[in-house]
Amino acid sequence: MKIASFNALSTFLAQTGAPTQGGSGNGMLVQLGFFGLMFAAMYFLLIAPQRRKQKEHEKMLAALATGDEVVTSGGIYGVITNVREDRFILKISENTKIEVGRGFVQGIVAKTGEGKK
């Protein structure tokens, strides 16, 4: 029984033939349109929000000043005592200061003159 159904299937496939290569090129346009839509979706779902977040982070870093309380990406809380071109000097305890690269400051805990949020 299984051999008969296999023979019928192979006969059917042999009779259908391969699709022709000619035509109006609509298949290629559909594929290009699909890839264009996929790229647009990826841009609006992934790339655009990430760029917006990066610009907000750069704006926050430019607005930091001496006396602001910040948190680093490593989870260290400190008060900015000095601002340099490429780094901040943070006071993390009474007698301890560390230098942190600008990109490693994650967020502001309190601005100068404000209480803790």
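Use the structure listed above.
Residues numbered from 1 in each chain as written. Predicted model: local features only at pLDDT ≥ 70, side-chain atom pairs only at ≥ 80, totals over all residues. Heavy atoms only, no water.

Regarding the packing of aromatic side chains
The tally for this structure, following the rule as stated, stands at two aromatic pairs. Ring geometry for Phe 34 and Phe 35: centres 5.8 Å apart, planes at 65 degrees, overall edge-to-face. We classify Phe 35 as exposed; its relative accessible area is 55%. When the centroid spacing of 5.4 Å and the interplanar angle of 80 degrees are considered together, the rings of Tyr 43 and Phe 44 count as edge-to-face. (Phe/Tyr/Trp six-rings, centres within 6.5 Å; stacked < 30°, edge-to-face > 60°. Buried < 20%, exposed > 50% of the residue type's maximum accessible area, 1.4 Å probe, protein only.)

Examining the side chain of Asp 68
Note on placement: Asp 68 falls in the loop between helix H2 (26–63) and strand S1 (69–72). We classify Asp 68 as buried; its relative accessible area is 1%. Within the local environment of Asp 68, its side chain forms a polar contact with the backbone nitrogen of Ala 65, the two atoms lying 2.8 Å apart. Each residue touching Asp 68, except ones within four places of it in the same chain, is listed here: Ala 63, Gly 78, Val 79, Ile 80, Ala 110, Lys 111 and Thr 112. (Helix = DSSP H or I, 4+ residues; strand = E, 2+ residues; numbered from the N terminus. Polar contact = N/O pair within 3.5 Å; in protein donor to acceptor, adjacent residues only side chain to side chain. Contact = heavy atoms within 4.5 Å.)

Some details on the sheet that holds strand S4 (residues 96–101)
Reading across from one edge, S4-S3-S2-S1-S5 is the order of the five strands in this open sheet, with antiparallel pairing throughout. Every interior strand has two partners, whereas the edge strands, S4 and strand S5 (105–110), have only one. Each strand of the sheet is rotated relative to its neighbour by a mean of 45 degrees, with strand direction disregarded. Note that S1 and strand S2 (residues 77–83) share three bridges and pair antiparallel. (Pairing = 2+ DSSP bridges. Axes fitted to C-alpha atoms, helices over the stretch in contact; angles between N-to-C directions.)

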